[in-house]
Amino acid sequence: RMRERFAEFKNLPELSNMLSQCFDIVKTSDIEGIRLPEIAGGKPEIVVCEQSEEQARQVAEGMKRAEMIENKKVEPEEDNMLAVCSFMTKASLDPRINNPEAGDWSGLKVNECVRNIISIHDRYTESAQVVFCDTSTPNKNAGFTVYQELKDKLVSTGAFLPDEIAFIHDAQNDMQRIQMFDKVNKGDVKVIIGSTAKLGTGFNMQQNLIAAHHLDAPYVPKDIEQRNGRIIRQGNVNNEVFIKYYSTKGTFDSYRWQLLEKKQRLISQVLSGRAPSRKCQDIDET
């Protein structure tokens, strides 16, 4: 019956009004006495990465494929929009995922992330950092993965030992995950890398985290909220933390991050708990 009622509402004020009559909505900001780390600069930083020639070529290929699909020049079993979206997401993250023979490029997300991790580590040597990436996760059969590339480059700088960088995917059971998180909290693991599904929900590794790096954008706001919830959390000894979103120029990234922001804005307005009006301001950003 509730789903039927939701379908009846055509505008935000009516929906917000109905929710305020049916629910008691309490956000973290409404509760006194909770100390959470502040985000450096007041909000997450967008790290804009330069597009390589190979990325530009792959983006053009993806657009051509999308045009062919829209014009019904290919059969669904030959190509489809889901496959194109996956291709474009990989292209924006690292062109070597689609083409292992593609060369390295100083402006790629992996390289920008390495530079930022090193810069933060130089200032907070005892703290840990987390990297979220849902694409190109560890795979023994893959010739290239972003996870391994990131680890190899961090180790090659001499700033980290191999044992100080962990993949959440290497933990095969709950006990191993707890042990890994304990190492992050103690500072034995300086960088932990994982996906939203394996690292984004319910894990207590916040005690020593100083930075969170998002190499790709999820599709729903709750995922980015859960990711950031690993570091903006009670018990973190750091009063200020860094959150960085990575976006490659001229790729699918802009659409993904903008879509997240639009969704989050709507959700924030509906759940604001304020008296509904015909106009809603931008309460917060993703």
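Relevant structure appears above.
Residues numbered from 1 in each chain as written. Predicted model: local features only at pLDDT ≥ 70, side-chain atom pairs only at ≥ 80, totals over all residues. Heavy atoms only, no water.

1. Structural notes on the overall build of the protein
Phase 1 of the analysis: What the protein contains, in helices and strands, is 10 helices and seven strands.
Phase 2 of the analysis: Per-residue burial for the protein yields a buried fraction of 45% across its 286 residues.
Phase 3 of the analysis: Taking contacts inside the protein between residues at least 6 apart in sequence as the whole, the part at least 24 apart equals 70%.
Phase 4 of the analysis: Counting every atom, the protein has about 15,900 Å² of accessible surface; 49% of that belongs to carbon and sulfur. (Helix = DSSP H or I, 4+ residues; strand = E, 2+ residues; numbered from the N terminus. Buried < 20%, exposed > 50% of the residue type's maximum accessible area, 1.4 Å probe, protein only. Contact = heavy atoms within 4.5 Å. Areas by Shrake-Rupley, 256 points an atom, 1.4 Å probe, with all protein chains shown as cover.)

2. Remarks on the nonpolar core
Phase 1 of the analysis: If you look at the biggest cluster of nonpolar residues, it comprises 24 residues, and the most contacted ones within it are Val130, Val184, Ile192, Leu199, Met205 and Leu209.
Phase 2 of the analysis: Looking at this core, the elements with two or more residues in it are strand E3 (128–132), helix H7 (174–186), strand E6 (209–214), strand E7 (240–248) and helix H10 (253–270).
Phase 3 of the analysis: Other than its neighbours up to four places away in sequence, Leu209 contacts Ala128, Gln129, Val130, Val184, Arg230, Ile231, Asn236, Asn238 and Val241.
Phase 4 of the analysis: Residues Val47, Val131, Ile165 and Ile193 belong to the second largest nonpolar core, which totals 23 residues. (Core = buried A, V, L, I, M, F, W, Y, C linked by side-chain atoms within 4.5 Å.)

3. Focus on helix H5 (residues 109–123)
Phase 1 of the analysis: Given a rise of 1.5 Å per residue, 15 residues ought to cover 21 Å, and the 21 Å separating the end C-alpha atoms of H5 matches this to within 8%.
Phase 2 of the analysis: Of all the 15 residues making up H5, 11 are buried; the element is thus mostly covered by neighbouring parts of the structure.
Phase 3 of the analysis: Turning to H5, its buried residues number three or more, namely Lys109, Val110, Asn111, Glu112, Cys113, Val114, Asn116, Ile117, Ile118, Ile120 and His121. (Expected span 1.5 Å × (residues − 1).)

4. Remarks on the packing of H5 against helix H6 (residues 146–156)
Phase 1 of the analysis: One can describe the packing of H5 onto H6 by two numbers: an axis separation of 10 Å at closest approach and a directional angle of 45°. Looking at the two axes, H5 sits oblique to H6. The two elements H5 and H6 cross, and the hand of that crossing is right-handed. Side by side, H5 and H6 meet where Val110, Asn111, Cys113, Val114, Ile117 and Ile118 of the first sit next to Val146, Glu149, Leu150, Lys153 and Leu154 of the second.
Phase 2 of the analysis: Among the residues making up the contact of H5 with H6, the classes are represented as eight nonpolar, one polar and two charged. (Axes fitted to C-alpha atoms, helices over the stretch in contact; angles between N-to-C directions. Parallel < 35°, antiparallel > 145°, perpendicular 65-115°, else oblique. Left-handed = near helix turned anticlockwise from the far one by under 90°. Nonpolar A, V, L, I, M, F, W, Y, C, P; charged D, E, K, R; others polar.)

5. Quick look at the pairing of strand E5 (residues 191–194)
Phase 1 of the analysis: Burial along E5 is two-sided: Val191 and Ile193 and Ile192 and Gly194, pointing in opposite directions, are all buried.
Phase 2 of the analysis: Alignment of E3 against E5, held across four bridges, turns out to be parallel. Residue Val130 lies in a different strand from E5, and its bridge partner there is Ile192.
Phase 3 of the analysis: Each parallel crossover has a hand, and the one from strand E4 (residues 165–167) via H7 to E5 is right-handed. (Pairing = 2+ DSSP bridges. Right-handed = clockwise from strand over helix to strand, strands pointing away.)

6. What to know about unusual backbone geometry
Phase 1 of the analysis: One non-glycine residue with positive phi stands out, namely Lys72, at about 55°.
Phase 2 of the analysis: Tracing the backbone through its elements, the reader meets Lys72 in the loop between helix H3 (53–70) and helix H4 (81–93).

7. Quick look at the pattern of salt bridges
Phase 1 of the analysis: Counted according to the given criterion, the structure contains 18 salt bridges.
Phase 2 of the analysis: A salt bridge links Lys153 to Glu149; its shortest N-O distance comes to 3.3 Å. Here Lys153 pairs with Glu149, and both are found in helix H6, just four residues apart, close to one helical turn.
Phase 3 of the analysis: Owing to a relative accessible area of 16%, Lys153 belongs among the buried residues under this scheme.
Phase 4 of the analysis: Of the residues examined, Glu149 reaches a relative accessible area of 15% and is grouped as buried.
Phase 5 of the analysis: Between Arg177 and Asp174 there is a salt bridge, with the nearest N and O atoms lying 2.5 Å from each other. Here Asp174 and Arg177 lie together in helix H7, a separation of three residues that amounts to about one turn. (Salt bridge = Lys/Arg side-chain N within 4 Å of Asp/Glu carboxyl O.)

8. Observations regarding the environment of Gln206
Phase 1 of the analysis: Counting through the fold element by element, Gln206 comes out in the loop between helix H8 (196–199) and E6.
Phase 2 of the analysis: When residues no more than four places from it in sequence are discounted, the contact partners of Gln206 are Asn185, Arg230, Arg233, Gln234, Gly235 and Asn236.

9. Some thoughts on the packing of H3 against H4
Two measures define how a pair of helices packs: the angle their axes make with one another and the distance between the axes.
Phase 1 of the analysis: The geometry of H3 relative to H4 is characterised by a closest axis approach of 9 Å and an angle of 170° between their N-to-C directions. Classified by the angle their axes make, H3 and H4 are roughly antiparallel. Across the interface between the two elements, Gln55, Gln58, Val59, Glu61, Gly62, Met63, Arg65, Ala66, Ile69 and Glu70 of H3 pack against Met81, Ala83, Val84, Phe87, Met88, Ala91, Ser92 and Leu93 of H4.
Phase 2 of the analysis: Taken together, the residues of the contact of H3 with H4 sort by class into 11 nonpolar, four polar and three charged.

10. Notes on H7
Phase 1 of the analysis: The end-to-end C-alpha separation of H7 is 18 Å, in line with the 18 Å expected for 13 residues at 1.5 Å each.
Phase 2 of the analysis: Those residues of H7 not exposed but buried are Arg177, Met180, Phe181, Val184 and Asn185. Along H7, the residues classed as buried sweep out an arc of 140° about the axis, all on the same side. Exposed side of H7, more than 90 degrees from the buried face: Met175, Ile178 and Lys186 are the residues found there.
Phase 3 of the analysis: Looking at the buried residues of H7, the elements they touch are E3, E4, E5, H8 and E6.
Phase 4 of the analysis: Gly187 sits one or two positions beyond H7 and adopts a positive phi of about 90°. (Arc of directions from axis to C-beta.)

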